[in-house]
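Residue-level structural notes
This is what each chain is made of:
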Amino acid sequence: MAMRIRNSASRGTMMSRQISGLRSMSSWWKNVEPAPKDPILGVTEAFLADPSPDKVNVGVGAYRDDNGKPVVLECVREAERRIAGTSFMEYLPMGGSVKMVDETLKLAYGDNSEFIKDKRIAAVQSLSGTGACRLFADFQKRFRPDSQIYIPVPTWSNHHNIWRDAQVTQKTYHYYHPETKGLDFSGLMDDVKNAPEGSFFLLHACAHNPTGVDPTEEQWREISQLFKAKNHFAFFDMAYQGFASGDPARDAKSIRIFLEDGHHIGISQSYAKNMGLYGQRVGCLSVLCEDEKQAVTVKSQLQQLARPMYSNPPLHGAQIVSTILGDPALKGLWLKEVKVMADRIIGMRTALRESLEKLGSPLSWEHVTKQIGMFCYSGMTPEQVDRLTSEYHIYMTRNGRISMAGVTTGNVGYLANAIHEVTKSS
Amino acid sequence: MKTNDFSSSSSSSPSDRRIGALLRHLTAGTDADRVSSVFASPTSGGAGGSVFAHLVQAPEDAILGVTIAYNKDPSPIKLNLGVGAYRTEEGKPLVLNVVRKAEQQLINDRSRIKEYLPIVGLVEFNKLSAKLILGADSPAIRENRVTTVECLSGTGSLRVGGEFLARHYHQKTIYIPQPTWGNHPKIFTLAGLSVKTYRYYDPSTRGLNFQGLLEDLSAAPQGSIVLLHACAHNPTGVDPTLEQWEQIRKLMRSKGLMPFFDSAYQGFASGSLDTDAKPIRMFVADGGELLVAQSYAKNMGLYGERVGALSIVCKAADVAGRVESQLKLVIRPMYSNPPIHGASIVAVILRDRNLFNEWTLELKAMADRIISMRKQLFEALRARGTPGDWTHIIKQIGMFTFTGLNPAQVSYMTKEYHIYMTSDGRISMAGLSSKTVPHLADAIHAVVTKAL
């Protein structure tokens with residue numbers, strides 16, 4: 001049988017290759033290009049590599065206390081104490097922990113939601129928010145292959161990767177208004193109106209990432225009505241429930257409005273930030289269906305997508321969530337701790353804005369306190385961000401997004417001063 | 001269609017105002033006739049109902065469905081020989097002592113943070129896992145030619161590896177053995193590869209169809225990917241001998257076939273971690289490239305924590321670096337970064353000499369119990385004079401035995417004896433105990449002597 005030679009450089013060594021292996025042949029992977037660094041996670045890598053004692057990390061969105069330290073919530077520590085040594089580590093079902101999913105749906109849909117009572121929600125435990133979005137994108141591709149997803153501009157950069165890898169066509173809709181550093185509401189409504197009927201839209205339920213700009217309640221109602229008229233599908237990414245305002249019910253308002261208006265929505269929920277469970281990868285994907293039968297059907301199909309990806313989701317994080325939300329005292333503690341985190345961030349927004357104003361900045365920094373959640377879209381240019389990094393050892397993503405969780409009473413003055421220096425002549 | 005007059009300035013409810021605003025928005029620039037035909041009811045689910053109304057219910061997963069059926073059965077003598085999770089003599093799940101110790105260590109370390117792992121996972125875990133499967137003295141590791149990423153157990157490692165191959169490897173076909181774990185074809189298909197099979201199991205001998213295997217791999221196009229079960233083939237329990245592995249290796253290297261090892265039972269098959277890794281190490285020793293998916297589900301009993309690793313052995317260190325960067329692009333849009341808990345437990349155990357040694361003893365105990373169950377079942381069938389050759393029960397290795405029973409026989413055993421297994425006749429030896437072996441032997445005897 002003729003043997004095609006893949007690598008012409010080793011043509012002469014074909015015989016020895018047959019006998020001894022492949023030492024003389026080059027790698028199958030020599031044409032593999034080095035991949036670009038992830039824009040967000042690459043920031044922390046660069047920060048860690050910086051030896052400067054003044055360095056500040058306002059890049060990745062992980063909460064820090066006022067000493068700049070990561071936090072493990074007390075309710076989580078207590079839950080882990082209860083779990084350790086007591087349970088088996090058997091496989092969860094493909095759809096994950098039923099108990100955890102039930103508690104999670106209550107958070108999004110409401111404790112007394114009729115949809116929960118009527119069993120109309122198809123829901124599976126997911127690998128945090130990323131995993132929920134990806135499962136939904138794969139599901140959308142499989143069952144609505146001709147559909148596309150409308151994604152806001154800007155959005156968390158990984159959203160584009162997710163729907164791209166799911167091979168769903170992407171379109172964008174106006175969202176952020178650079179001039180006002182607020183919402184481009186009329187642009188958004190135009191895009192919603194002009195999209196073909198029955199389009200799929202990705203909405204940030206609260207604390208939009210990266211801008212921190214959310215529609216008002218009134219605006220959400222109008223968006224919902226327009227969605228109704230256009231028969232659009234609303235998929236909510238809710239990564240910050242409780243973390244934005246300090247009140248989980250308030251942060252779910254956009255979703256509740258859509259539910260009241262009769263939409264059949266999809267939701268991605270994450271416990272990464274609001275329970276500090278980042279590395280545990282715990283979240284939930286839910287799809288509201290017409291009836292119980294359809295919910296069972298949809299769930300079975302979601303499981304078909306999970307099985308060839310990871311078979312069943314990880315146990316530990318789900319156990320932590322179930323333990324906390326299933327115990328009224330622990331749940332109460334959690335709600336307090338979430339409010340503390342949200343309040344600290346709101347406090348830092350105020351501090352940063354006031355510091356900049358005191359420094360006599362010629363620019364308006366009103367948006368710092370108007371925006372909500374972990375991130376502030378500062379309005380700085382990539383070049384200004386580069387100067388912050390190279391001259392002041394301040395690390396953030398080049399779109400000018402500041403993670404307010406990284407701001408402390410200890411570094412807010414330094415940060416304000418640096419921002420003032422690089423922006424005062426603009 | 002109902003029409004509402006929203007143009008009246010006297011309508012004052014917020015809902016009507018919103019609808020009015022909506023209508024103005026929609027009809028901007030169009031003629032007035034359109035206004036009256038717009039219908040928007042605040043309580044309907046949209047004109048077309050659910051966008052997913054056309055879905056049909058997916059079939060139950062064949063393997064996991066067995067446990068579901070078992071759980072529903074009220075019989076006190078029921079026996080679950082379906083899913084491959086280890087059970088003790090008492091029929092209970094087992095959490096290893098070393099795992100409990102590692103858990104405590106993690107809990108007691110208050111300084112531990114649970115932030116996001118890097119996309120590639122827990123770095124220490126990755127290094128230790130590579131050493132475990134390739135050998136601490138592996139030249140590939142010494143030469144920095146291995147890239148290892150933490151993944152969600154075996155399934156996740158296979159999927160990430162498959163996606164990487166579909167994007168970057170020049171051949172998009174993977175050959176999987178006939179039969180194989182039911183999830184394999186789905187994983188690789190969704191990863192973007194096309195799936196073909198090669199002969200593996202010989203029903204007439206209940207052993208390896210070695211001739212067929214060699215023929216089929218010889219006929220595969222140059223460069224094709226080949227999935228190999230490193231040890232304890234699932235579902236048959238039939239493994240090549242070392243001599244046969246050497247022949248397979250020579251053939252594959254001569255055709256440039258890319259080996260993709262699925263190692264789900266290292267240490268669990270023979271009781272020895274090194275013995276069970278030998279086939280993989282033979283391939284690494286010839287200097288060639290390969291992929292290996294590792295799972296800690298069974299050998300460390302970490303099933304639900306989803307701990308595993310994908311290692312790609314490359315020809316050169318700089319290649320390994322670039323390969324790693326591309327693996328990250330597969331992982332990030334799938335789940336961003338892997339779960340921290342299970343990998344942390346593994347790292348605590350593998351890095352500590354005492355815990356590691358203790359683990360090897362617990363591992364051997366599990367493997368020995370399974371080997372003992374094989375012997376007992378074989379003896380029980382011999383004692384009953386059950387017709388047929390049952391030596392495959394003791395020749396096959398690992399958690400599963402491919403009994404050779406057909407679906408009709410399996411069905412009968414479930415109905416009459418409340419014994420649950422997959423319809424291909426695969427039984428999980430881990431689900432047996434000295435107490436239940438007689439019941440199973442009776443059932444097999446009954447079904448074989450009946451004309452089914």
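Rules used in this analysis
Residues numbered from 1 in each chain as written. Chains lettered and ligands numbered in written order. Predicted model: local features only at pLDDT ≥ 70, side-chain atom pairs only at ≥ 80, totals over all residues. Heavy atoms only, no water. UniProt positions renumbered as here; feature names shortened; annotations may be inferred. Helix = DSSP H or I, 4+ residues; strand = E, 2+ residues; numbered from the N terminus. Buried < 20%, exposed > 50% of the residue type's maximum accessible area, 1.4 Å probe, protein only. Areas by Shrake-Rupley, 256 points an atom, 1.4 Å probe, with all protein chains shown as cover. Arc of directions from axis to C-beta. Contact = heavy atoms within 4.5 Å. Polar contact = N/O pair within 3.5 Å; in protein donor to acceptor, adjacent residues only side chain to side chain. Domains from an automatic or database assignment. Buried area = accessible area lost by both parts, 1.4 Å probe. Salt bridge = Lys/Arg side-chain N within 4 Å of Asp/Glu carboxyl O. Nonpolar A, V, L, I, M, F, W, Y, C, P; charged D, E, K, R; others polar. Pairing = 2+ DSSP bridges. Core = buried A, V, L, I, M, F, W, Y, C linked by side-chain atoms within 4.5 Å.

- For chain B, an unreviewed UniProt entry supplies the name Aspartate aminotransferase and the organism Brassica campestris.
- For the record of chain B, the UniProt heading Cofactor (unreviewed entry) holds the text "pyridoxal 5'-phosphate".

- The name that an unreviewed UniProt entry assigns to chain A is Aspartate aminotransferase, with the source organism given as Brassica campestris.
- Looking at the Function (unreviewed entry) heading of the UniProt record, one finds this comment for chain A: "Amino acid aminotransferase important for the metabolism of amino acids and Krebs-cycle related organic acids. No activity with D-Asp or D-Ala as amino donors. In plants, it is involved in nitrogen metabolism and in aspects of carbon and energy metabolism."
- Quoted straight from UniProt, the Cofactor (unreviewed entry) entry for chain A says "pyridoxal 5'-phosphate".

**Regarding the overall build of chain B**
- Within chain B one finds 17 helices and 13 strands.
- For chain B, the proportion of its 452 residues judged to be buried stands at 60%.
- About 17,100 Å² of surface is accessible on chain B, with carbon and sulfur atoms providing 54% of the total.

**A closer look at helix H16 (residues 407-417) of chain B**
All names here are of chain B.
- The complete set of buried residues in H16 reads Gln409, Val410, Met413 and Thr414. Around the axis of H16, the buried residues are gathered within 140° of arc, so they sit on the same side. The exposed set on the far side of H16, more than 90 degrees from its buried face, consists of Pro407 and Lys415.
- Contacts made by the buried residues of H16 are with strand E12 (419-420) and helix H17 (437-449).
- Measuring from the side-chain oxygen of the N-cap residue of H16 to the backbone nitrogen of Ala408 gives 3.0 Å; that N-cap residue is Asn406.
- Just past H16, the residue His418 takes up positive phi, approximately 55°.

**Things to note about the domain arrangement of chain B**
Residue and element names in this part refer to chain B.
- The domain boundaries assigned to chain B delineate domain 1 (63-95 + 366-449) and domain 2 (116-351).
- When each unit is reduced to the centre of its C-alpha atoms, the spacing between domain 1 and domain 2 is 28 Å.
- Contact with domain 1, which involves 21 residues of that partner, is made by 20 residues of domain 2.
- For the pair domain 1 and domain 2, the summed buried surface comes to about 1,600 Å²; carbon and sulfur atoms form 64% of the total.
- Per-residue buried area on domain 1 facing domain 2 is highest for Ile397, Phe400 and Phe402; these three make up 33% of the total on that side.
- On the surface where domain 1 and domain 2 come into contact, there are zero salt bridges.
- The tally of links between domain 1 and domain 2 comes to six residue pairs in polar contact (both at pLDDT 80 or more).
- Mapped by element, the contributors of at least two residues to the side of domain 1 that touches domain 2 are helix H14 (353-384) and strand E11 (400-402).

**Let's talk about the interface of chain A and chain B**
- Listed by partner, the interface residues are 102 residues for chain A and 103 residues for chain B.
- Between chain A and chain B lies a buried interface of about 9,100 Å² when both sides are counted; carbon and sulfur atoms form 57% of it.
- Summed over the three residues of chain A that lose the most area to chain B, namely A:Trp29, A:Met89 and A:Tyr91, the buried surface amounts to 10% of that side.
- Where chain A packs against chain B, one counts five salt bridges.
- In this structure, the salt-bridge partner of B:Arg167 is A:Asp165, at a minimum N-O distance of 2.8 Å.
- Here chain A and chain B share 26 residue pairs in polar contact (both at pLDDT 80 or more) between them.
- Class assignment of the residues belonging to the side of chain A that touches chain B gives a composition of 45 nonpolar, 26 polar and 31 charged.

**Focus: the pairing of strand E4 (residues 169-174) of chain A**
- In this sheet, E4(A) lies alongside strand E3 (residues 148-153) of chain A in parallel orientation, the contact comprising six bridges. Each bridged residue has a counterpart across the sheet, and for A:Val153 the counterpart in E4(A) is A:His174.

**Quick word on the nonpolar core**
- If you look at the biggest cluster of nonpolar residues, it comprises 239 residues, and the most contacted ones within it are A:Trp29, B:Phe52 and B:Leu377.
- With 34 residues, the next largest nonpolar core counts B:Val146, B:Tyr198, B:Leu213 and B:Val292 among its residues.

**Focus on the domain arrangement of chain A**
All names here are of chain A.
- Taken domain by domain, chain A comprises domain 1 (40-61 + 340-424) and domain 2 (86-326).
- Distance between the C-alpha centres of domain 1 and domain 2: 29 Å.
- Contacts between domain 1 and domain 2 engage 18 residues on the former and 21 residues on the latter.
- Counting the surface lost from both domain 1 and domain 2, the interface buries some 1,500 Å², and carbon and sulfur atoms represent 67% of this.
- Among the residues of domain 1 in contact with domain 2, Ile372, Phe375 and Tyr377 are the three that bury the most area, contributing 35% of the side total.
- Joining domain 1 to domain 2, the criterion identifies zero salt bridges.
- The interface formed by domain 1 and domain 2 contains four residue pairs in polar contact (both at pLDDT 80 or more).
- Those elements that place two or more of their residues in the side of domain 1 that touches domain 2 are helix H14 (328-358) and strand E11 (375-377).

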